[in-house]
Amino acid sequence: MQTPLDVLQHTFGYPSFRGQQEAIIDTLIAGEDALVLMPTGGGKSLCYQIPTLLRPGVGVVISPLIALMQDQVDALNELGVRAGFLNSTLSMEQVRATEQALLSNELDLLYVAPERLLQGRTLSLLESAPLALFAIDEAHCVAQWGHDFRADYLRLDILQQRFPQVPRIALTATADVRTRQEIVTRLGLEQARQFVAGFDRPNIQYRIQLKDNPRQQLLQFLRAEHAQQSGIVYCLSRNKVEQTAQWLCQQGFNALPYHAGLPAALRATHQSRFLREEEIVMVATIAFGMGIDKPDVRFVAHLDLPKSIEAYYQETGRAGRDGEPATALLLYGLEDVVKLRQMMSSSEGAEAFKRQEQQRLTAMLGLCEVTSCRRQVLLRYFGDILETPCGNCDTCLSPPETWDASEAVRKALSCVYRTGQRFGANHLIDVLRGSTAERILALGHDRLSTYGIGRDLSAGEWRSILRQLVAAGYLDVDPEGYGGLRLTERCRPVLRGEQAVLLRREVKAPAARASVRRALEEIPEEELGLWQALRACRKRLADEHGVPPYVIFHDATLRAMLEQKPVEPRQLLAISGVGDTKLERFGEAFLDVIREFEYESL
Ligand code: ADP
Ligand code: ZN
């Protein structure tokens, strides 16, 4: 009788379980239900794949992400697991073939779209086949107020009624308690054991920098740290997506645009190139990403401020699913805040909703301006407490300096007041620094008491002060005007001199390079030849099998080969990520590559 550990090692090629995987697997094998909350990359799939392989019958996986099913099934087939899927992309013939395979016990796992599952035909098919379990993936889709709501998910309680003896597991990476509650009630999982993992993604290095010259900042980041790697660059508008992608191509990167305005066929091509080729930089709006489970995305860069911490965490969470080091870089400036605040207040929608949106943005700004560990702030937002600073975010790696800015802040706030609370940052800075521009004189602003009282600071320093005041809620943006800044209630004690204000001192250069861990350990010069040869071998096999390279082996597995240089199958099998089937299918090809290099270096 095989144990879960046997299956993990032989079929998947991994030495040991992560986190709560084993307990979850045991629960299902015992025939009980489970609810699993685990961050992206935590290893949710094994939680239903392994019990399926150990229980009689087929495991049915319900997922809304039909674009992913083919890849998921291909990846399982490469492991020697018999998998199939049913969704609207299949022809009638393909559907029949899969149904036949199911009835004749030739499938271990069946992926089904919810709308397909709920059809009478599918339900009666499932009634005539032995079932190992139901896995409800992306279970947060039952939450009606959530972004990913799917009406079909509400009807999944039918599983409990029609198949009461089949254990169910619901899985999601969505953190909050309200969603969890909704999953339990909607899916009838009151009896299910709950497994809640922490939401930290320790391998992602969070960095938030002031927008200075964003293109140069991005270029510098890509060249110095992520040359020849895959990643995503998020922009707010379609226009900016296209321009940025074009510009990156001119700089020698393999950049592709992705946004909802592109023809569907082109979007699909770009998405599939991103998955299958290495080194693609996807420049995209937030239309891109849902259900992209490419494990080796090494960076996510935001050129514009996300609307909320939820969005930021979800988007950056697409980096580093394989657990290897990855970077999340966000560039932001005052103009982002102004733009977002205006977009929100001019949007249709109830006042209460708008107010919530504004509050979310304020929390996001708070994250941008913190002078302590960013990860602690992020996790606290989701109700997770990280006791000590993480050591892997920019504020931990090069702590920002703060200064007592009370006097400068008072000058800035008075200037806002004296000019009538309707001007934007540029105008205020001109007044503070005593500019003789036409505009200033025409408005008579050279006669104000605050005219020229801020010559001691540069325009850049004033900009930073104003930005931080908006972020901290001392100033807000006039929703009607053109980025005009207004005082808030919070200003009173500051203006009266009763409260000091500490601000972050802007550092010219971004976080000191040397202290920032590089995203992937450098490959030593003398190993580069073998490394390239291993990658070429993987790419050739991937093309032959029609799958993305990471389905053959992950980077971490190739790197272990580089370090250990196995020359016999037994040694190769000991490497994490190499299981029995992959050894049989690909082992010789990789061993040949390694042996050849070993002989040459004798
Ligand atoms: P999730 O669905 O939670 O985002 P996945 O199930 O896709 O995560 O797993 C993320 C990655 O981690 C996958 O590449 C998977 O093969 C790998 N993985 C999962 N469990 C283990 C384990 N116990 N040991 C090593 N790698 C694992
Ligand atoms: Zn930190």
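Residues numbered from 1 in each chain as written. Chains lettered and ligands numbered in written order. Predicted model: local features only at pLDDT ≥ 70, side-chain atom pairs only at ≥ 80, totals over all residues. Heavy atoms only, no water.

A. Up close: the pattern of salt bridges. Counted by the stated rule, this structure contains 40 salt bridges. The partner of Glu-369 in a salt bridge is Arg-467, and the shortest N-O contact between them spans 2.9 Å. One end of the pair, Glu-369, is in helix α16 (residues 351–369); the other, Arg-467, is in helix α22 (residues 459–471), and 98 residues separate them in sequence. Neither Glu-369 nor Arg-467 differs from the other in exposure class; each is buried. Through salt bridges with shared partners, one network takes in Glu-278, Glu-279, Arg-535, Arg-538 and Asp-555. (Salt bridge = Lys/Arg side-chain N within 4 Å of Asp/Glu carboxyl O. Helix = DSSP H or I, 4+ residues; strand = E, 2+ residues; numbered from the N terminus. Buried < 20%, exposed > 50% of the residue type's maximum accessible area, 1.4 Å probe, protein only.)

B. View of the side chain of Arg-374. In this structure, Arg-374 sits in helix α17 (residues 374–381). Using a relative accessible area of 1% as the deciding quantity, one classes Arg-374 as buried. Of note is the side chain of Arg-374, whose polar atom sits 2.7 Å from the backbone oxygen of Leu-367. Only 2.8 Å separates the side chain of Arg-374 from the side chain of Asp-394, close enough to count as a polar contact. (Polar contact = N/O pair within 3.5 Å; in protein donor to acceptor, adjacent residues only side chain to side chain.)

C. A look at the site of ligand 1. Taken together, 15 residues surround ligand 1, and among them Tyr-14, Gly-41, Ser-45, Arg-321 and His-554 come closest. Contact distances for ligand 1 include 2.9 Å between a nitrogen atom and a backbone N or O atom of Ser-16. One nitrogen or oxygen atom from the side chain of Ser-45 is found 2.5 Å from an oxygen atom belonging to ligand 1. Within the complex, the protein chains bury 84% of what would otherwise be the 570 Å² of accessible surface of ligand 1. Residue composition of the shell around ligand 1, by class: 4 nonpolar, 8 polar and 3 charged. (Near = heavy atom within 4 Å. Areas by Shrake-Rupley, 256 points an atom, 1.4 Å probe, with all protein chains shown as cover. Nonpolar A, V, L, I, M, F, W, Y, C, P; charged D, E, K, R; others polar.)

D. Quick look at the pairing of strand β4 (residues 109–112). Here β4 shows a buried face lined by Leu-109 and Tyr-111 and a second buried face lined by Leu-110 and Val-112. As defined by bridge partners, strand β2 (residues 58–62) adjoins β4 across 4 bridges and the pair is classed as parallel. Counted as the bridge partner of Gly-59 is Leu-109 from β4. As paired elements, strand β3 (residues 83–86) and β4 share 4 bridges and run parallel to each other. (Pairing = 2+ DSSP bridges.)

E. Structural context of the pairing of strand β1 (residues 34–37). In β1, alternate side chains face the same way, and those of Ala-34 and Val-36 on one face and Leu-35 and Leu-37 on the other are all buried. Inspection of the sheet shows β1 paired to strand β6 (residues 168–172) by 4 bridges, in the parallel sense. The residue of β6 that forms the bridge with Ala-34 is Ile-169.

F. Broad picture of the packing of aromatic side chains. Counted by the stated rule, this structure contains 10 aromatic pairs. Consider the rings of Tyr-206 and Tyr-312, whose centres lie 6.2 Å apart with planes at 50°: the pair is tilted. With a gap of 106 residues between them, Tyr-206 in strand β8 (residues 204–210) and Tyr-312 in helix α14 (residues 309–316) connect regions that are remote in the sequence. Note on accessibility: Tyr-206 and Tyr-312 belong to one class, buried. Over the aromatic face of Phe-274 sits the side chain of Lys-294, whose NZ or CZ is 5.4 Å from the ring centroid. The ring of Tyr-474 is capped by Arg-490, whose NZ or CZ atom sits 4.6 Å from the centre of that ring. (Phe/Tyr/Trp six-rings, centres within 6.5 Å; stacked < 30°, edge-to-face > 60°. Lys NZ or Arg CZ within 6 Å of the ring centre and 35° of its normal.)

G. Up close: the nonpolar core. In this structure, Phe-134, Ile-169, Leu-305 and Phe-590 are the most contacted members of the largest nonpolar core, which totals 168 residues. Once residues lying within four places of it in the same chain are set aside, the contact partners of Ile-169 are Ile-24, Leu-28, Ala-34, Val-36, Cys-47, Tyr-48, Phe-134, Ala-135 and Ile-136. (Core = buried A, V, L, I, M, F, W, Y, C linked by side-chain atoms within 4.5 Å. Contact = heavy atoms within 4.5 Å.)

H. Representation of the environment of Pro-549 in the model. Along the polypeptide, Pro-549 turns up in helix α25 (residues 549–552). A C-alpha to C-alpha distance of 8.0 Å links Pro-549 and Glu-278, two positions 271 residues apart in sequence. Excluding its chain neighbours within four sequence positions, the residues that come into contact with Pro-549 are Leu-275, Arg-276, Glu-278, Arg-538, Lys-539 and Ala-542.

I. A look at the packing of helix α19 (residues 406–418) against α22. One way to put it is that α19 packs onto α22 with a least axis distance of 11 Å and a crossing angle of 80°. Taken as axis vectors, α19 and α22 run roughly perpendicular relative to one another. Listed contacts from α22 to Ala-408, Val-409, Lys-411, Ala-412 and Leu-413 of α19 are Trp-462, Ile-465, Leu-466 and Leu-469. Residue classes in the contact of α19 with α22 are distributed as 8 nonpolar, no polar and 1 charged. (Axes fitted to C-alpha atoms, helices over the stretch in contact; angles between N-to-C directions. Parallel < 35°, antiparallel > 145°, perpendicular 65-115°, else oblique.)

J. Spotlight on the confidence of the model for the protein. In this model, the protein carries an average pLDDT of 91, and 97% of its residues clear a pLDDT of 70 or more. The low-confidence segment residues 511–520, where pLDDT is below 50, has 31 contacts with residues more than four positions distant or belonging to other chains. (pLDDT = per-residue confidence, 0-100.)

K. Quick peek at the sheet that holds strand β9 (residues 231–234). The 6 strands are arranged β8-β13-β12-β9-β11-β10 in an open sheet whose pairing can be described as parallel. Edge positions in the sheet fall to β8 and β10 (254–258), since each has one partner strand and no second. Across this sheet, the average inter-strand angle for adjacent strands is 15°, counted without regard to direction. The sheet contact formed by β10 and strand β11 (residues 280–284) spans 5 bridges and is parallel. In the sheet register, Tyr-258 faces β11, and the bridge partner there is Ala-284.

L. Geometry of unusual backbone geometry. The backbone of Asn-105 shows a phi angle near 60°, a positive value even though the residue is not glycine. On the secondary structure map, Asn-105 appears in the loop between α5 (92–103) and β4. On the basis of relative accessible area, Asn-105 is assigned to the partly exposed category, the value being 47%. The backbone of Gln-421 sits at a positive phi, close to 55°, despite the residue not being glycine. Position of Gln-421 relative to the elements: it lies in the loop between α19 and α20 (425–432).

M. Representation of the domain arrangement of the protein within the structure. Per the domain assignment, the segments of the protein are domain 1 (4–196), domain 2 (204–397), domain 3 (402–504) and domain 4 (525–600). Put simply, the middle of domain 1 and the middle of domain 3, counted by C-alpha atoms, are 56 Å apart. (Domains from an automatic or database assignment.)

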